[in-house]
Amino acid sequence: MSEDHERFETRAIHAGQEPDEETGALMTPIYANSTYEQSAPGEHTGYEYSRTANPTRTDLEDNLAALEGGEYGRAFSSGMGAINTVLNLLKAGDHVVTGDDVYGGTHRIMTQVYEEYDLEFDFVDTTDHDAVREAMREETELVWVETPTNPLMRVNDIAALSEIAHEYDALCAVDNTFATPYLQRPLEHGADIVAHSLTKYLGGHSDLVAGALVTDDADLDERIGFYQNSVGATPSPFDCFLVLRGTKSLPVRMDRHCENARELAQWLDDHEHVEHVYYPGLESHRQHDLAAEQMDDFGGMLSFELDATLAEASDVVSNTHVFTLAESLGGVESLIEQPAAMTHAAIPQEEREAAGLTDPLIRASVGIEHVEDLKADLQQAIESVLE
Ligand SMILES: *Cc1c(COP(=O)(O)O)cnc(C)c1O
């Protein structure tokens with residue numbers, strides 16, 4: 001199949017996947033084996049050991065590369081496994097510029113693992129390009145960006161940040177977990193590496209943990225492949241199968257996630273107990289125009305600040321019935337959480353408040369249930385505490 005000419009929805013279902021030659025089986029089998037027969041020493045089909053390569057994983061890697069519009073995909077046992085592999089590309093003394101609101105696990109591996117190996121990190125507001133330029137040094141080898149960010153849904157300008165990175169001969173890597181390739185393809189905007197937690201929208205059903213990297217550069221892919229095999233954070237064939245199952249329906253799921261989130265964001269914006277809504281699809285969002293340019297739609301994640309105390313906001317998120325109180329995101333079911341008490345509780349309160357992560361801030365991963373049920377659920381939870 002000529003993947004170049006297919007549209008996204010078609011690639012999601014077919015790219016990297018052909019019916020099994022021997023049996024005609026439509027779905028990529030779960031190749032549950034560690035090793036492969038060789039006809040003579042060193043002569044094999046391309047598969048010799050499953051940490052290095054596995055056919056179920058190959059199909060997933062090809063599928064993900066096609067969705068991001070890149071040449072090379074690599075799958076990992078978690079999003080952190082993928083992120084770790086990007087950091088493996090660096091050497092002691094190298095410097096990284098990244099956002100001051102990156103995913104907590106990313107902040108942790110940078111400061112608590114790689115600073116010990118003498119990598120240096122600057123955490124800046126990456127929407128402020130002057131601040132990014134000021135942080136860049138001769139030793140800067142990587143600019144690491146997420147967009148939209150968590151939980152305030154800031155939008156980073158991938159093209160502008162890639163340009164700054166390249167002026168310094170640094171790589172620009174984009175964590176595309178929140179947007180997914182259906183809504184945003186960072187390689188098209190000049191990024192060198194796209195990273196994913198497949199655990200979220202790409203898997204889509206809250207039933208696996210996995211990660212991926214996609215690039216367009218053969219040398220970079222070879223280095224990534226070296227670390228993928230050497231470090232060994234590779235996914236099981238079963239998890240690869242589950243992600244392939246998820247990517248087939250990504251476009252229809254994302255359409256509904258976006259539609260529901262947009263409607264909820266507007267409803268919350270008019271709500272008497274809501275002080276502020278953070279959703280890039282709202283015209284009031286600081287970077288709505290950039291989001292409209294860079295993304296095909298605005299995604300399923302939103303945050304809102306209640307007119308409430310920390311304890312009251314805790315009660316609201318504890319009183320929902322359709323929304324489940326849980327960390328993580330991107331599954332078909334709606335999840336709700338309170339960053340100050342959960343995902344971002346490790347950040348000291350003063351720092352949190354300064355960054356806009358106030359106590360009554362609530363983050364929602366808007367699922368694909370009926371939007372009226374989602375509204376009614378939030379309404380009864382808010383009413384039960386604030387009226
Ligand atoms: C969840 C997440 C990760 C980490 O992925 P895991 O699969 O949990 O290891 C990284 N970045 C973002 C934006 C995430 O949401």
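Criteria and cut-off values
Residues numbered from 1 in each chain as written. Predicted model: local features only at pLDDT ≥ 70, side-chain atom pairs only at ≥ 80, totals over all residues. Heavy atoms only, no water. Helix = DSSP H or I, 4+ residues; strand = E, 2+ residues; numbered from the N terminus. Rg over C-alpha atoms; globule rule 2.2 N^0.38 Å. Buried < 20%, exposed > 50% of the residue type's maximum accessible area, 1.4 Å probe, protein only. Contact = heavy atoms within 4.5 Å. Core = buried A, V, L, I, M, F, W, Y, C linked by side-chain atoms within 4.5 Å. Domains from an automatic or database assignment. Phe/Tyr/Trp six-rings, centres within 6.5 Å; stacked < 30°, edge-to-face > 60°. Pairing = 2+ DSSP bridges. Axes fitted to C-alpha atoms, helices over the stretch in contact; angles between N-to-C directions. Buried area = accessible area lost by both parts, 1.4 Å probe. Salt bridge = Lys/Arg side-chain N within 4 Å of Asp/Glu carboxyl O. Polar contact = N/O pair within 3.5 Å; in protein donor to acceptor, adjacent residues only side chain to side chain.

1. A word on the overall build of the protein chain
If you tally the helices and strands in the protein chain, you get 14 helices and 12 strands. Computed over the C-alpha atoms, the radius of gyration of the protein chain is 21 Å, within 12% of the 21 Å expected from 2.2 N^0.38 for a compact globule of 387 residues. Over its C-alpha atoms, taken along the principal directions, the protein chain stretches across nearly 75 × 50 × 35 Å. For the protein chain, buried positions account for 55% of its 387 residues. Residue pairs in contact within the protein chain that sit at least 24 positions apart in sequence constitute 72% of those at least 6 positions apart.

2. Side note on the nonpolar core
Side chains of nonpolar character tend, in soluble globular proteins, to be buried together. Counting residues in hydrophobic clusters, the biggest one holds 65 residues, and the most contacted among them are Leu302 and Leu306. Ranked by residues supplied to this core, first place goes to helix H10 (residues 250-269) with seven residues. Three or more residues apiece are contributed to this core by two domains, here domain 1 (3-248) and domain 2 (250-386). Residues within four places of Leu306 in sequence aside, it is in contact with His273, Val274, Glu275, Ala313, Val316, Pro360, Ile362, Ile382 and Leu386. Counting 23 residues, the second-largest nonpolar core is a separate cluster that includes Val86, Leu87, Tyr114 and Ile193.

3. Structural notes on the packing of aromatic side chains
Tallying each qualifying case throughout the model produces six aromatic pairs. Aromatic side chains Phe8 and Tyr182 sit 5.3 Å apart centroid to centroid with 55° between the ring planes, which places their arrangement in the tilted category. Of this pair, Phe8 sits in helix H1 (residues 8-14) while Tyr182 is found in helix H7 (residues 180-183), placing the two residues 174 residues apart along the sequence. Tyr182 matches Phe8 in its accessibility class, with the two residues each being buried. Arranged with centres 5.1 Å apart and planes meeting at 80°, the rings of Phe226 and Tyr227 form a pair that is edge-to-face.

4. What about the environment of Met301?
Tracing the chain through its elements places Met301 in strand E9 (residues 301-306). For Met301, a relative accessible area of 1% puts it in the buried group. For the pair formed by Met301 and Val366, sequence separation is 65 residues and the distance between their alpha carbons is 6.1 Å. In contact with Met301, other than residues within four places in its own chain, are Met153, Phe178, Tyr201, Tyr279, Leu329, Arg363, Ala364 and Ser365.

5. Some points on the sheet that holds strand E8 (residues 274-278)
Ordered by their spatial adjacency, five strands build an open sheet running E8-E9-E12-E11-E10, and the pairing between neighbours is mixed. Here the strands that pair on one side only, and so sit at the sheet edges, are E8 and strand E10 (324-325). Bridging between E10 and strand E11 (residues 335-337) involves two bridges; their strand directions are parallel. In the sheet register, Thr324 faces E11, and the bridge partner there is Leu335. Contacts between H10 and the sheet are confined to E8 and E9, with E9 contributing the most and set at about 10° to the helix. Contacting E9, E10, E11 and strand E12 (361-365), helix H12 (residues 310-318) crosses the sheet at an angle of about 20° to E12.

6. Describing the domain arrangement of the protein chain
Considered domain by domain, the protein chain is made up of domain 1 (3-248) and domain 2 (250-386). For domain 1 and domain 2, the distance between their C-alpha centres works out to 26 Å. Of the roughly 3000 Å² buried between domain 1 and domain 2, counting both surfaces, carbon and sulfur atoms make up 60%. Area buried by domain 1 at its contact with domain 2 is led by Leu152, Leu183 and Tyr201, which between them contribute 26% of it. For the salt bridge of Arg185 with Asp296, the shortest nitrogen-to-oxygen distance reads 3.0 Å. Where domain 1 touches domain 2, the interface holds 17 residue pairs in polar contact (both at pLDDT 80 or more).

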